[in-house]
Amino acid sequence: MRAGEVLQDGFGRVLPLLRAAVDGLSDEELVHRPDPAANTVAWLVWHAARVQDAQVAPLAGTQEVWTSAGWAERFGLDLPADDTGYGHGPEEVGRVHAPADLLVGYAEEVARATAAYLERLEDDDLDVVVDEDGDPPVTLGVRLVSVLGDDLEHAGQAAYLRGLLERAREA
């Protein structure tokens with residue numbers, strides 16, 4: 001198995017996890033917070049897709065689908081168009097509200113764009129330095145693994161919140 005195939009497999013696991021996190025949740029449940037400072041399922045899914053889009057598009061030499069495919073307008077969030085959610089506090093998290101189909105639609109398009117990029121990568125490409133300012137400088141492989149790790153972390157957090165919501169339904 002080539003290194004690119006490992007990355008394809010890893011990124012291919014993100015979308016099903018994000019779909020499962022929102023499946024069947026109401027708009028109200030998507031923005032529920034177990035604590036006033038907590039993230040919501042909607043924010044976690046949006047953020048995972050935004051980070052992947054914003055990080056992979058420049059590596060691929062493409063535009064982010066968030067802006068190029070009109071997702072920013074469809075979401076209509078009270079946030080700057082280039083916002084990815086990095087550093088958001090409770091107030092900004094509360095601005096991210098969208099129905100499950102919109103969240104999944106965006107995540108699907110990001111996943112397709114990422115997959116198209118990963119399919120054309122060669123193993124040697126992963127050694128290319130993409131950020132000279134890092135200490136040590138950041139290679140393409142390291143950047144992609146970082147994005148994948150972030151996505152999986154947020155997908156797991158969304159799944160946990162979904163579990164809390166399901167338990168509350170049962171109570």
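Residues numbered from 1 in each chain as written. Predicted model: local features only at pLDDT ≥ 70, side-chain atom pairs only at ≥ 80, totals over all residues. Heavy atoms only, no water.

- The name given to the protein in an unreviewed UniProt entry is DinB superfamily protein, with Cellulomonas marina as the source organism.

## Concerning the pattern of salt bridges
Next up, step 1: In this structure the tally under the stated criterion is ten salt bridges.
Next up, step 2: Glu5 is the partner of Arg2 in a salt bridge, and the nearest nitrogen-oxygen pair spans 3.8 Å.
Next up, step 3: We classify Glu5 as partly exposed; its relative accessible area is 30%.
Next up, step 4: It is possible to trace a salt-bridge network through shared partners that takes in Arg50, Asp53 and Glu64. (Salt bridge = Lys/Arg side-chain N within 4 Å of Asp/Glu carboxyl O. Buried < 20%, exposed > 50% of the residue type's maximum accessible area, 1.4 Å probe, protein only.)

## Focus on the side chain of Thr84
Next up, step 1: Mapped onto the secondary structure, Thr84 falls in the loop between helix H6 (71–75) and helix H7 (90–94).
Next up, step 2: Not counting residues within four places of it along the chain, the set of residues in contact with Thr84 comprises Trp46, His47, Arg50, Val51 and Ala54. (Helix = DSSP H or I, 4+ residues; strand = E, 2+ residues; numbered from the N terminus. Contact = heavy atoms within 4.5 Å.)

## What about the packing of helix H1 (residues 3–12) against helix H8 (residues 100–119)?
Next up, step 1: Where H1 contacts H8, the axes come no closer than 9 Å and their chain directions differ by 170°. Here H1 lies roughly antiparallel to H8, going by the angle between them. In this structure, H1 contributes Leu7, Gln8 and Phe11 to the contact, and H8 contributes Thr114, Leu118 and Glu119.
Next up, step 2: When its residues are assigned to classes, the contact of H1 with H8 shows three nonpolar, two polar and one charged. (Axes fitted to C-alpha atoms, helices over the stretch in contact; angles between N-to-C directions. Parallel < 35°, antiparallel > 145°, perpendicular 65-115°, else oblique. Nonpolar A, V, L, I, M, F, W, Y, C, P; charged D, E, K, R; others polar.)

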